[in-house]
Amino acid sequence: MLLLIVGSATGQQAWGADGVDRCAVRFVDRGRHLGLSYEGDAVREQADVVLLWMLAAARVDPDYADALFWQYDLANRLRRTDAAKVALNRYVTLQPDNALAMLRWLEFSLADRQTVESRIAFCGEQLERSPLPEVVADLRLKLARFHTGRGDQDKALEHAELAAAAVPHEAAALHMVMELRGDLRTDAGRIRLLLADIRANPADVQRIWRLGRQLARLSMHAEARVWFDHAVRLWPVVGDRPEPPLSWTLEAARSAFDGGLYEAVVDRLGILVEQSSSPMVSVLHVQALEKLGRTEEASAVRDQLKRYLSDNESALLAGENPLYAAEAAWFYLTAEPNVQQAGRFAEAAYTHGKQLRLARRVHGLAAAIAGDHETAKRVLPRMVSSDQWAAEALAAIYAQEGRVEDALASLRRAESLNFAGEAHARIVKRLTELGEKPLAKPEHSDVSALLGAFDETIVSFAAKPSEFLDLAVSCGDQPRAYGEPIACSLTLANTGAFAVTLGDGGMVSPTVLVSARLEHGAGMPDVARERYASIALDRRLTLMPGEKLTVHRTVDVGDGRALSRSRPALDVTLTFSFLLDPSIQLDGSWTSRLHRFQPVHAIVERKALSSSQLTPPAPSDGHERWSDWIEVVEAGSEQPATVNAMAAGLGSEDWAIRLMVVDTLAKRQGKVFAPVLKQLASDDPDALVRRLAKLHLTRLASSRGNALSR
């Protein structure tokens with residue numbers, strides 16, 4: 001199935017709303033139906049037919065915003081830029097509260113202005129007109145970039161700050177502010193930007209983990225633990241495996257150990273000791289248990305690890321797993337000192353995995369402990385800027401050799417890498433022995449203030465989205481007459497206390513997949529049409545607390561129409577299902593990307609076709625009456641009176657009636673109707689009717705156009 005219309009029009013006046021011509025609504029629905037029904041590869045020809053119905057809808061009702069947005073969307077896809085601009089310009093005039101459309105219109109409008117001065121003036125004019133925060137932020141950001149290009153940094157910063165104020169969670173504006181201020185070079189600046197990224201999309205577990213890592217690098221291990229824990233709790237919800245990577249778990253455990261959070265280490269690694277073959281898990285677990293005075297438990301874990309290393313010694317020494325060999329060496333260097341064993345495993349790790357930092361560290365440290373200072377001095381100097389253990393071991397060698405200045409230089413280069421943990425304690429002790437005063441631990445009060453001001457409940461969104469977001473669907477009055485469009489209102493509401501971002505990179509992808517089921521009853525099986533259409537709730541990029549976004553859309557189009565028009569002699573029950581932010585699973589099923597967010601259902605009672613609905617309209621009747629009747633008879637009435645009434649409609653003075661009749665008879669009669677189509681294609685007084693006749697002639701001549709005849 002080819003979705004020619006993706007579902008991004010958002011002007012939506014509902015079916016039957018005051019002031020909206022029913023025929024115009026039907027024309028848009030007809031176009032959407034065709035776009036969802038096409039098969040084959042004649043995309044341009046098919047899109048032309050869909051576009052024709054959108055043009056017709058806008059002619060019937062010039063204020064019908066839906067038709068104008070579809071015109072823009074299709075013309076833009078067909079690269080008919082001028083037509084797209086005209087339609088979009090009219091649309092935003094009618095629907096100025098559609099932020100997404102306004103942003104697209106701004107891009108079109110700026111592209112037509114050739115100088116920076118004219119673009120700056122245009123953005124200034126639009127700022128006075130638009131109250132939408134997303135549009136204001138975008139305009140301010142554009143102005144900031146224009147002024148940056150002109151070298152006016154002060155003016156650029158002013159606009160960037162106003163952009164960030166308009167949409168506080170917008171990371172792009174904040175990034176520019178910080179770039180212009182130079183804040184990106186500061187620890188607080190980097191933390192602030194990470195928090196903004198997390199606020200924009202708290203389901204991005206990688207960003208949450210990066211924040212924990214950044215805090216650990218600032219020696220804020222207690223604060224880092226909070227964010228590491230957030231990431232670990234969130235991982236089963238958004239990760240691609242049940243548990244986070246082992247490297248994450250070890251990194252968090254090391255940070256907790258350095259920060260003296262030994263209970264956290266035990267809690268984090270206790271289960272993994274039985275499940276993981278990584279020696280480092282046991283090493284950290286043993287060390288944390290010993291710090292807590294739980295020596296018997298530590299001995300049990302130590303003995304278990306020694307048995308594992310003994311059983312796998314040959315394989316590790318042969319280089320089958322250089323990382324585990326390095327971790328084994330670390331065990332014999334720290335938790336179970338054994339110079340000979342440490343050296344053997346360190347040599348294997350370095351030989352087969354010298355690209356691993358731990359392998360280089362244990363190789364250098366084992367050499368230093370064994371008295372092989374030449375090897376240590378060959379390996380360790382390249383690590384002193386990133387590894388406190390290496391820096392302290394090298395400094396010890398230099399001190400023994402009387403090279404005090406070199407020892408101090410090594411210690412100073414690594415001292416600020418981490419102001420906590422055993423390696424730092426060794427550096428402090430060594431500096432003191434050499435008569436130097438260690439650096440004081442930075443307070444990072446600015447970072448603490450940023451963390452304290454951040455609402456961490458945002459991180460709960462990914463795990464419990466239904467507590468912050470609600471999708472409601474209403475399908476209006478019941479029951480529906482046969483052939484009457486089934487229009488539903490979809491309302492997305494922010495029920496939380498913080499902004500919810502929509503779209504790419506946001507918290508929610510505002511797309512809804514529609515499915516339908518017909519309950520036959522009387523012992524007959526139900527019939528379902530799965531995921532036959534999509535609806536985009538894309539009027540805004542952000543929903544502020546308490547805000548709602550409502551979209552009206554006819555849902556019995558495409559395969560859904562086959563259900564709504566089936567069994568005309570009976571009253572039937574239709575159940576429509578709406579799945580927000582859909583995602584396909586490995587088993588082929590579909591679910592919401594939002595954790596445990598359930599589809600919303602709406603039940604519609606449709607009445608049987610009444611005989612009065614088949615009464616043909618008179619040629620003098622208006623196009624609304626004709627559109628009602630044609631929608632009914634297109635479902636399958638083959639009575640001669642129907643065809644005769646259709647033919648009478650060809651003589652109507654109303655171009656909209658002729659357009660509907662041409663379309664219906666061409667699809668129903670096929671090549672028999674071709675001579676009439678040829679005459680209409682050249683002689684009909686209306687351009688749209690002539691165009692439709694030509695398109696049907698093309699279809700009849702092509703084997704690829706059969707879908708239109710359905």
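This structure is a prediction, so every number in the text was calculated from the model and none was measured. (Residues numbered from 1 in each chain as written. Predicted model: local features only at pLDDT ≥ 70, side-chain atom pairs only at ≥ 80, totals over all residues. Heavy atoms only, no water.)

## As for the overall build of the protein
Scanning the protein from N- to C-terminus turns up 31 helices and 11 strands. Against the compact-globule benchmark of 27 Å for 710 residues, the protein has a radius of gyration of 35 Å, which places it well outside the compact range. Seen through its C-alpha atoms, the protein measures out along the principal axes to roughly 110 × 70 × 45 Å. Counting every position in the protein, which comprises 710 residues, the buried fraction comes to 53%. If you average the places of the 83 positive and of the 92 negative side-chain charges in the protein, the two averages end up 3 Å apart. (Helix = DSSP H or I, 4+ residues; strand = E, 2+ residues; numbered from the N terminus. Rg over C-alpha atoms; globule rule 2.2 N^0.38 Å. Buried < 20%, exposed > 50% of the residue type's maximum accessible area, 1.4 Å probe, protein only. Lys, Arg positive; Asp, Glu negative; His and termini not counted. Charge placed at Lys NZ, Arg CZ, Asp CG, Glu CD.)

## Describing the pattern of salt bridges
Pairing of side chains with opposite charge becomes possible as their charged atoms draw close. Inspection of the entire model under this criterion finds 52 salt bridges. Here arginine 90 and aspartate 63 are joined by a salt bridge, their closest N and O atoms 2.4 Å apart. Placement of the pair is arginine 90 in helix 4 (residues 81-94) and aspartate 63 in the loop between helix 2 (43-60) and helix 3 (65-77), with a sequence separation of 27 residues. On the basis of relative accessible area, aspartate 63 is assigned to the partly exposed category, the value being 43%. (Salt bridge = Lys/Arg side-chain N within 4 Å of Asp/Glu carboxyl O.)

## Thoughts on the pairing of strand 1 (residues 469-474)
Residues Leu469, Leu471 and Val473 line the buried face of strand 1, whereas the alternating positions Asp470, Ala472 and Ser474 sit on a face that is not buried. Direction of pairing for strand 1 relative to strand 2 (residues 487-494): antiparallel, over a ladder of 6 bridges. If you follow leucine 471 over to strand 2, its bridge partner there is leucine 492. (Pairing = 2+ DSSP bridges.)

## A word on the confidence of the model for the protein
Detailed reading of the predicted model is not advised wherever pLDDT is low. Of all residues in the protein, 94% have pLDDT values of 70 or greater, and the mean over the chain is 90. Ignoring residues within four places in sequence, the model shows residues 1-16, a span with pLDDT below 50, making 75 contacts including any to other chains. Ignoring residues within four places in sequence, the model shows residues 704-710, a span with pLDDT below 50, making 18 contacts including any to other chains. (pLDDT = per-residue confidence, 0-100. Contact = heavy atoms within 4.5 Å.)

## Quick notes on the nonpolar core
Phe27, Leu88 and Leu659 are the most contacted members of the largest nonpolar core, which totals 77 residues. With 11 residues, helix 2 is the single largest residue contributor to this core. Contacts of leucine 88, omitting those with residues within four sequence positions, involve Phe69, Tyr72, Ala101, Arg104, Trp105 and Phe108. Grouped together as the second largest cluster of nonpolar side chains are 67 residues, Ile191, Ala216, Ala462 and Val600 included. (Core = buried A, V, L, I, M, F, W, Y, C linked by side-chain atoms within 4.5 Å.)

## What about the state of the cysteines?
Taken as a whole and assessed by the stated rule, the structure comprises 1 disulfide. Between cysteine 475 and cysteine 488 runs a disulfide, and the two sulfur atoms are separated by 2.1 Å. Between cysteine 475 and cysteine 488, the disulfide has an S-S torsion of 90° and is therefore right-handed. Of this pair, cysteine 475 sits in the loop between strand 1 and strand 2 while cysteine 488 sits in strand 2, and the two are 13 residues apart along the sequence. Of the two residues, cysteine 475 and cysteine 488, both sit in the buried class. (Disulfide = S-S within 2.5 Å.)

## What about the packing of helix 18 (residues 322-335) against helix 20 (residues 357-369)?
For the pair helix 18 and helix 20, interaxial distance at closest approach is 9 Å and the crossing angle is 35°. Considering the relative orientation of helix 18 and helix 20, their crossing is left-handed. Contacts between helix 18 and helix 20 pair Ala326, Glu327, Ala329, Trp330 and Leu333 from the former with Leu358, Ala359, Arg361, Val362, Leu365, Ala366 and Ile369 from the latter. Grouping the constituent residues of the contact of helix 18 with helix 20 by class yields 10 nonpolar, no polar and 2 charged. (Axes fitted to C-alpha atoms, helices over the stretch in contact; angles between N-to-C directions. Left-handed = near helix turned anticlockwise from the far one by under 90°. Nonpolar A, V, L, I, M, F, W, Y, C, P; charged D, E, K, R; others polar.)

## A word on the sheet that holds strand 1
Strand order in the open sheet formed by 3 strands is 1-2-7, with antiparallel pairing between adjacent strands. Each having just a single partner strand, strand 1 and strand 7 (548-554) make up the two edges of the open sheet. Mean inter-strand twist for the sheet, computed between neighbouring axes without regard to direction, equals 15°. Where strand 2 lies against strand 7, 7 bridges are found, and the strand directions are antiparallel. When the bridges of strand 7 are listed, alanine 493 appears paired with lysine 548.

## Looking at the packing of helix 30 (residues 674-683) against helix 31 (residues 687-701)
Interhelical geometry of helix 30 versus helix 31 gives an angle of 140° and a closest axis separation of 8 Å. Taken together, the axes of helix 30 and helix 31 lie oblique to each other. Handedness of the crossing formed by helix 30 with helix 31: left-handed. Of the residues in helix 31, those in contact with Ala674, Leu677, Lys678, Leu680, Ala681 and Ser682 of helix 30 are Arg690, Ala693, Lys694, His696, Leu697 and Leu700. Classifying every residue of the contact of helix 30 with helix 31 by side-chain character gives 7 nonpolar, 2 polar and 3 charged. (Parallel < 35°, antiparallel > 145°, perpendicular 65-115°, else oblique.)

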